[in-house]
Structures are given as C-alpha cells and as structure tokens.
Amino acid sequence: MPRISSVIRVVTCALLAVVGLGIDPGAAGAVGEAVNGFPNWAERVIHQWVNRARVDPQLEMDLCGDGRCLERACYSVKPPLSWNETLNRAARFHSDAMVRQSFFAHTSACTLVSNIGSLYPAACNGSAACACVGGTRTCAPTCTSFSQRVQLFGGSPSGEIIASPSDPDAAFYLWLYEQGDTAQCMFTSRNGHRWLILQSTGAFGAGVAGYSTGEFGSGSAAAAIPSGTHYPQQAAAVEAWANWYAAAGPTSASVNVEGTCTPMMLRRGAQTNGAWSATLSGVGSGCHRYYFSFRDAAGTTVTYPTTGSLAIGNGAACPDWDAARPVACPGGIASPSPSPVATPSTTATASRTATATASATPTRTRPPTSTGTATMTPSPIPTATPTPTLLSAGADIGGTVRYYSGPVAVAGAVVRAGAAISATTDASGRYVLGNVPATAVVLTAERSGGTGGAISPLDAAWVLQAVVGLRSLSAEQLLACDVTGNGSASALDATFILQRTVGLLDRLPVAEICDSDWAFIPEPAPVPGQTLIQPRPGSQSCTPGGIAYDTVPSTLAAQDFAALVFGDCTGNWRPPGAASARRGSGASRVTAGALHPVRGGRVALSIAADSRQPIQAMQVRVSYDASALRVVHTRLVGPARDAMLATNADPPGTLHIAVASAAPFAAAGRPIAVVVFDIVSAAPIPTPVVSTLIE
C-alpha cells in the first residue's frame, strides 16, 4: 500500500506542526462541554472507547478472537486522541446524509454545496435538497470525497471509518474486531478501522445519527482528562469511564453523581495514561447529572467536563450536557490505584462476534476497493445442460430464459441481437429472433420491473450467515447477494437488502449502477465461435451478461439465459400470479401487547413472536393511528437483540420493520421488539395492529 504509507507520513508531519496550537474550537482550556448539541452521548462513547483501547491495545487484542486481528503484535500503548468539534460536525453530517440520502459510502452521493459547513445542522439536515449542488443527488463533475467534505467543515482529515449500527458499542467493536488480512504492520482495506483507531495521532470526532462515522485528523493536544462518559445510556446499573493522561498519575479519581461521589478504579493502562471506571447503580429511570473529578499530583482538581455536567438518561428534559452541575463532594474521595485488571468490563465484550450487524469501510485518501468483511471468491458459473428449443421456420436464434434457482420461466425478458433485432420471451420463457445477419453479434437479455416480492429479510439473513461461515453461496447466489457490486458478500449487503424491504431504498446500489434490477447469466448450447460474457457488476460500472458469436449460422437453438433479481439470494422469485416461494413458517405468529407508558410522557408497544422453529428473519407491519401517535424509535430486545434491524415509518400510520439474524433465534412467545411512540393527541388511542411474515 505505497500510497497509504505516503499519506501516513504526510499526515504525521502535519499533526506534529499543529500540536498545542488549540485549533479545536472549545478545546483550549475547556473540554467535554457541548457546543450547540455537539457531541451527543453516543459520540462521547465512541471517543471514550477509542481512548480506552489505546491505553492497553493488547488487552483488546486478546479478546479479538482467533484469526481476526492478525497484526495484533503491531499495536502498543498510544496517547489519547483529543476531541475536535469540527471533525465531530463533519462526521455527524455524513451519518445524517447517508441515512437521508439512502447510501453508505465514504464519498458523498453528490457534489456538496460549498457552504455546507455553515448550513448544517440549523439550515440543512443532510438531505439532498439542501446539501447537494442543484438540490439533487448528482455529481458535477465529481462527488465530494471524504477529505473534501471534512475540509468544507474546516477540518484537516487523515482518515475516516463508517458503520451502520447507531449503538456506539456495537459500531466500535465492529470496527475494532474486523477480519484482518495480514500480520504485517501496515494499513490495509481489511484492518484499516483497527489501524486508524489504535495508530492515529492528533484528534478525533465521531458522528452518530442513524449511522456512525469517525473522523481522524489534526487537533489540539489532549487534556489531562481527554474523554469520559457512561454506558449504556440508561439502565439499573451503568459503567462510568474516563481517561487520565499526564506526567504523573492522579491522587484521587471519582465520579460525582448528584453530589454523591463514587471512587473510580484504574482498569486499563498505567497511572499516567490509563482508563478509570466505576459502576453506578440506581440510575435506571429519571435524569441523573454527573461529572468526573480527579486530583493531579499537585493537588489541583481537574474535572470533566470542565464546566457543567453530563447526564444518565435521555430526552429533551435530560440533555447530554448542561451548564448546571452537582455540588462538590466534601474533601473529595481518594481512589485506590491497583494494577489494571486482567479482564475488561462487561461493556467491552459487547458486539464482538463475527455476526456483525453492519459493515464498516476504512479510508485514508479515498475509500478502499474492498471492505472488512468475508469475501467469497466466486467459482465459475456452471453451464446448465441446454434443452433444445424448436425454432419456427426461418428463425436464426432461439432459446429460453429461466430463473436461476430452478426451472421457473421468465416471461417479459427482451433478448437482443445487437441493437436492431429483439424479441420478448413468452409465458414459457421462450424467444425467437429472426433475420439475424451472418456476422459477428452479441446476444444480450434485459427485463424491466417485475421483481415482485423476491427480496425479503431472509435474503439479508442468508448474507449474514455467509459472512460468518454458516452458509455457502453458489456463484449465482453470490451474484444475487452482492448488492454493492464489490465482488463480495458483506453485512453491508444485508443492510441494503433490509432497507429495500422496508422501502427506505427504491433501488439497490448495484441496480442503480447497472440501471436494472436484473442480471442475466448465459447458459447456451455450445456452438463454434461462441464466447460467453459473464455479468460483472462493479462499484462504478456494470458489464451485462451476453453471448458473443464470431458469425451466426442459419440456425442456433438453445441459446439460453438464467435470470436473477439483485438481492434475491434465496432464489424465491416467482412470476406475477404464481404461488409464492417465500419460506414463511406457518406455525408462527406475532402479537402485540397494550400500549404502556414509558419515561418522557411516551408510550411503548411490545411485540412478541411465537414460533416453533428458530427465526432467521421477519417482516412486521404495525398499523397505528397517525393522528394520535408518532413513531420515535424501534429497538430489538430479548432473543432478537443481536439481529439486524431496518424500519420505515413513512408515510405515517404504518411502520414497516425488517429483521435478519445470522444466528437463528428462538422466540417462544417472548418480546423481540419495542416501538416507542410520542403521543400527539389527547383523544383515546386505539391499540396498533401488527401483522408479520416469519422466516
């Protein structure tokens, strides 16, 4: 990776030149204070997890799992990364833009307006209408790169990482524990997230808004307490974490929750560069304000945030940062300083398996060509034994088009011989081309629409199962599953498939690139002078499948194609009016309890599944009264908590939920999802109605 190495050297020089200059707005003399809502709780967690990992990277590597973090020996203790508000704003904008514009990539989906840094978020929420030149997702002449985007916000970038989970713990460990490809000490497209987290210098900013983005770049020197937060956001017991970085260790460390101070223990790293933690109980409801209070070697009190306080809780009445803070604890609390424990906290073990719920792609100066996911090299597409097709008198070329997963005929496909001659397949999938000249020609096939209900959450589950090695994909299935067109099946493909099933995407990325929802694989009877052209979707261009001839004899029979719908990994497409091939479980049902009140004046709906068979995937539709309720968020719980989720509440009145899991789970009547609503009317609220397909 010579280009990557060159960028690392250049960036390092730039960082050394600006250390201590205080270019991070708000960082000079004050840390941890929010500026117009930046950062939020999830962004603080990612920053803290980054700094926590850097004080003892080998502890994290011990938990990585065999064969994943191949270059684990390369990582040593590093100073913390300071927080940079500019990188924070650029990162959150990109997360917002990816969600609102329905894409997932480092490069923006359009050419961004030059003043986006001043527009976001007050005057622009990241949608194409305000963020893109001309108000549309077009590139004139090129789409804005990640580095150009960060510079529009005033930052000096050196790297970026993205992930689809919005839970900060899940996103972080998806990045940290990606599957590596080399034991050499170098940045690659497969270990790049981990490399940036553990090797970068300077500053960091995370942005969480539906998706998660991390920006690395230039910034001010780290403060004595460079980061601190708690996780999870609210529970009966949460863990508070903060880092200390100074020439000498602190003489005391505590977290002050509403005037009660709890001593913190050194859990990772060393006295001078370590991560300190305490467990806080009794905070499962309400809003609890807190701050970290350390004493340095000279006896001076150092707090994080410098002023104000953070919050355990959520909602408008419990902002993540507030100018008010609890009263100080009399005399402070001295903390014992034992050696770091040999095992990490419970939060450090979350979301660490290969059943990733999203894909993340690192980049330096541009997005790499491959992702940190399991890549399956396709084997040659098998040629089916052709069935002779009886040609009508005077015809030159004939054949049939079937669906790739079986003998199902594909009607309505247009087969072309060059640009001038075409025929449409009939109900039996048969076509006949007449008067094809005896010259070199390429036979191709195409079809518009007619995908029906071929794509479902089960397709996303099959992708996830392939990623973690629980399922093998044929070359044809891989072609169908690879909806990003990058030659591999990854959790990102599963993400896009789920988004397509709930209506967040009108078209899958590969369908946009190929300008078709269909691919056609040649499987003709062999004839002299014939060359097969396999379909080759790519991230930037698309080669359609075809059959090339040096010359066309007077009669060619059984020049067949196999068709597939992008995203239909299971091969369950059926023509309109045919019986469905969906693999639903007839012994399954979904029930919803009554609406019940939750904090913040909201109500929640628990959805339970009762299935005799383990559940791989499911679609749920919740019908509700939009004049009385407004969807706030949906989360998976219980046996489904580790599954992948996509939702769409547009238009109001119907909430579409799609769930896919690499590891099938047993529900047995237990709740698997909770939908939280705002109450928008004082009138009686009818109970929402749920319907589902469990697969």
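Residue positions are counted from 1 within each chain, in the order its sequence is given. Selection of residues for local features in this predicted model requires a pLDDT of at least 70, selection of side-chain atom pairs for listing and counting requires 80 or more, and totals for whole chains, interfaces and linings are taken over all residues. Derived side-chain values reflect all non-hydrogen atoms in the structure, with water molecules and hydrogen atoms excluded from consideration.

Helix and strand definitions follow DSSP, with helices as H or I runs of at least four residues and strands as E runs of at least two, each counted in order from the N terminus. The helix and strand tally for the protein stands at 13 helices and 34 strands. Buried residues are those whose accessible area, probed at 1.4 Å on protein chains only, stays under 20% of the maximum for their type, while exposed residues exceed 50% and partly exposed ones sit between those limits. Residues classed as buried in the protein amount to 53% of the 695 residues present. Of the contacts formed within the protein by residues at least 6 apart in sequence, a portion of 73% connects residues at least 24 apart. If you sum the accessible surface of the protein, you get close to 26800 Å²; carbon and sulfur atoms cover 55% of it. Whether two residues are in contact is decided by their heavy atoms: any pair within 4.5 Å suffices. Working definition of accessibility: Shrake-Rupley area with a 1.4 Å probe, residue cover restricted to the visible protein chains.

The next point concerns the pairing of strand S25 (residues 561–565). Looking along a regular strand, one sees side chains alternate from face to face of the sheet. Burial of S25 is extensive: 5 of the 5 residues sit out of reach of the surface. By the alternation rule, side chains of S25 split into Phe 561, Ala 563 and Val 565 and Ala 562 and Leu 564, which are all buried. In this structure, strand S20 (residues 518–522) lies alongside S25, joined through 5 bridges in antiparallel fashion. Note on S25: the bridge partner recorded for Ile 521 is Ala 562. Two strands make a pair as long as DSSP finds a minimum of two bridges between them.

Across the sheet, 4 strands lie side by side as S1-S3-S4-S2; this open sheet has mixed pairing. Pairing within the sheet leaves two strands with one partner each, and these edge strands are strand S1 (82–83) and strand S2 (157–163). Pairing between strand S3 (residues 203–209) and strand S4 (residues 211–217): 7 bridges, direction antiparallel. Pairing of Phe 204 across the sheet is with Phe 216, part of S4. Strand contacts of helix H4 (residues 85–100): S1, S2, S3 and S4, with the helix running at about 30° to S3, the strand carrying the most contacts. Orientation is described by lines fitted to C-alpha atoms, with helices fitted over the stretch in contact, and by angles between N-to-C directions that extend from 0 to 180 degrees.

Here we come to the state of the cysteines. Disulfide assignment relies on a single distance test, namely cysteine sulfur atoms paired within 2.5 Å. Tallied over the entire structure, the rule returns 9 disulfides. Cys 287 shares a disulfide with Cys 318; S-S distance 2.0 Å. Taking the sign of the S-S torsion, 80° for the link of Cys 287 and Cys 318, the bridge is right-handed. Of this pair, Cys 287 sits in the loop between strand S10 (273–281) and strand S11 (288–295) while Cys 318 sits in the loop between strand S13 (309–312) and strand S14 (321–322); the two residues are 31 residues apart in sequence, bridging distant segments of the chain. The exposure class of Cys 318 is buried, given its relative accessible area of 6%. Paired through a disulfide, Cys 481 and Cys 569 show a sulfur-sulfur distance of 2.3 Å. One end of the pair, Cys 481, is in helix H11 (residues 475–481); the other, Cys 569, is in the loop between S25 and strand S26 (588–592), and 88 residues separate them in sequence. A residue is classified by how much of its surface remains accessible, and Cys 569, at 0% relative accessible area, is buried.

Now for the pattern of salt bridges. Here, a salt bridge means any Lys or Arg side-chain nitrogen found within 4 Å of an Asp or Glu carboxyl oxygen. Applying the stated criterion across every chain, the model contains 13 salt bridges. Arg 507 is the partner of Asp 517 in a salt bridge, and the nearest nitrogen-oxygen pair spans 3.5 Å. Remark: Arg 507 occurs in the loop between helix H12 (491–501) and helix H13 (509–514) and Asp 517 occurs in the loop between H13 and S20; sequence separation between them is 10 residues. Given a relative accessible area of 19%, Asp 517 falls into the buried group. Taking the relative accessible area as the measure of exposure, Arg 507 reaches 24% and is therefore partly exposed. A single network of salt bridges, built from pairs that share partners, joins Arg 149, Glu 160 and Glu 215.

Glancing now at unusual backbone geometry. Of note, the amide linkage connecting Tyr 231 to Pro 232 takes the cis form, showing an omega dihedral of -5°. Along the chain, Pro 232 falls in the loop between strand S5 (228–231) and strand S6 (237–245). At the junction of Asp 650 and Pro 651, the peptide bond is cis and its omega measures out at 5° in the coordinates. Within the element layout of this structure, Pro 651 appears in the loop between strand S31 (644–648) and strand S32 (654–665). Notably, Glu 258 is not glycine yet its phi reads approximately 55°, a positive angle. The residue Glu 258 is located in the loop between strand S7 (252–257) and strand S8 (260–263) in this model. With a phi angle near 55°, Asp 515 is a residue other than glycine that sits in the positive phi range. With respect to the helices and strands, Asp 515 occurs in the loop between H13 and S20.

Moving on to the side chain of Asp 459. Relative to the elements of secondary structure, Asp 459 occurs in helix H10 (residues 457–467). Within the local environment of Asp 459, its side chain forms a polar contact with the backbone nitrogen of Thr 570, the two atoms lying 2.9 Å apart. Excluding anything up to four places from it in sequence, Asp 459 contacts Ala 454, Ile 497, Gly 567, Asp 568, Cys 569 and Thr 570. N or O atoms within 3.5 Å of each other form a polar contact, as long as, within protein, one can give a hydrogen and the other can take it, and as long as residues adjacent in sequence are counted only when both atoms are side-chain atoms.

So, on to the environment of Ala 248. Relative to the helices and strands, Ala 248 is located in the loop between S6 and S7. Note: C-alpha distance between Ala 248 and Gln 271 (23 residues apart in sequence) is 7.0 Å. Ala 248 has contacts with Thr 272 and Ala 297, leaving out every residue within four places of it along the chain.

Turning our eyes to something else, we now look at the packing of aromatic side chains. Two rings from Phe, Tyr or Trp (for Trp, the six-membered ring) form a pair when their centres are within 6.5 Å of each other. A pair whose planes differ by under 30 degrees is stacked, one over 60 is edge-to-face, and the rest are tilted. According to the stated counting rule, one finds 22 aromatic pairs in the structure shown. Between Phe 38 and Tyr 120, the ring centres sit 6.4 Å apart and the planes meet at 65°, which makes this aromatic pair edge-to-face. Taken together, the residues Phe 38 in the loop between helix H1 (2–18) and helix H2 (41–55) and Tyr 120 in the loop between helix H5 (116–119) and helix H6 (128–131) connect sequence positions 82 residues apart. By relative accessible area, Tyr 120 is classed as buried at 3%. Ring centres of Trp 83 and Phe 204 lie 6.4 Å apart, and the angle between their planes is 70°; this geometry places the pair in the edge-to-face category. Of this pair, Trp 83 sits in strand S1 while Phe 204 sits in strand S3, and the two are 121 residues apart along the sequence. Exposure remark for Phe 204: the relative accessible area of 0% places this residue in the buried category. Connected via pairs of aromatic rings, a cluster forms that spans Tyr 403, Tyr 404, Trp 518, Phe 520 and Trp 573. Counted as over-ring charges are cases with an Arg CZ or a Lys NZ within 6 Å of the ring centre that also lie within 35 degrees of the ring normal. Here the basic side chain of Arg 92 rests over the ring of Phe 38, its NZ or CZ set 3.8 Å away from the ring centre. One cation-aromatic arrangement involves Arg 325 over Tyr 291; the distance from NZ or CZ to the ring centre is 3.8 Å.

Below, the discussion takes up H2. It helps to recall that an α-helix has 3.6 residues per turn; residues three or four apart then point in one direction. Any helix carries an expected span of 1.5 Å times its number of residues minus one. Between its terminal C-alpha atoms H2 stretches 22 Å, which fits the 21 Å expected from 15 residues at 1.5 Å a residue. The element H2 is extensively covered by neighbouring structure, given that 15 of its 15 residues are classed as buried. Its side-chain oxygen at 3.2 Å from the backbone nitrogen of Ala 42, Asn 40 defines the N-terminal cap of H2.

Per-residue confidence from the prediction method is given by pLDDT, with values spanning 0 to 100. Here the protein averages 83 in pLDDT, and 84% of its residues register 70 or above. Every residue in residues 1–29 is under pLDDT 50, and counting partners more than four places away or in other chains gives 33 contacts.

Quick look at the side chain of Gln 101 now. Along the polypeptide, Gln 101 turns up in the loop between H4 and H5. A polar atom in the side chain of Gln 101 sits 2.8 Å from the backbone oxygen of Gly 126.

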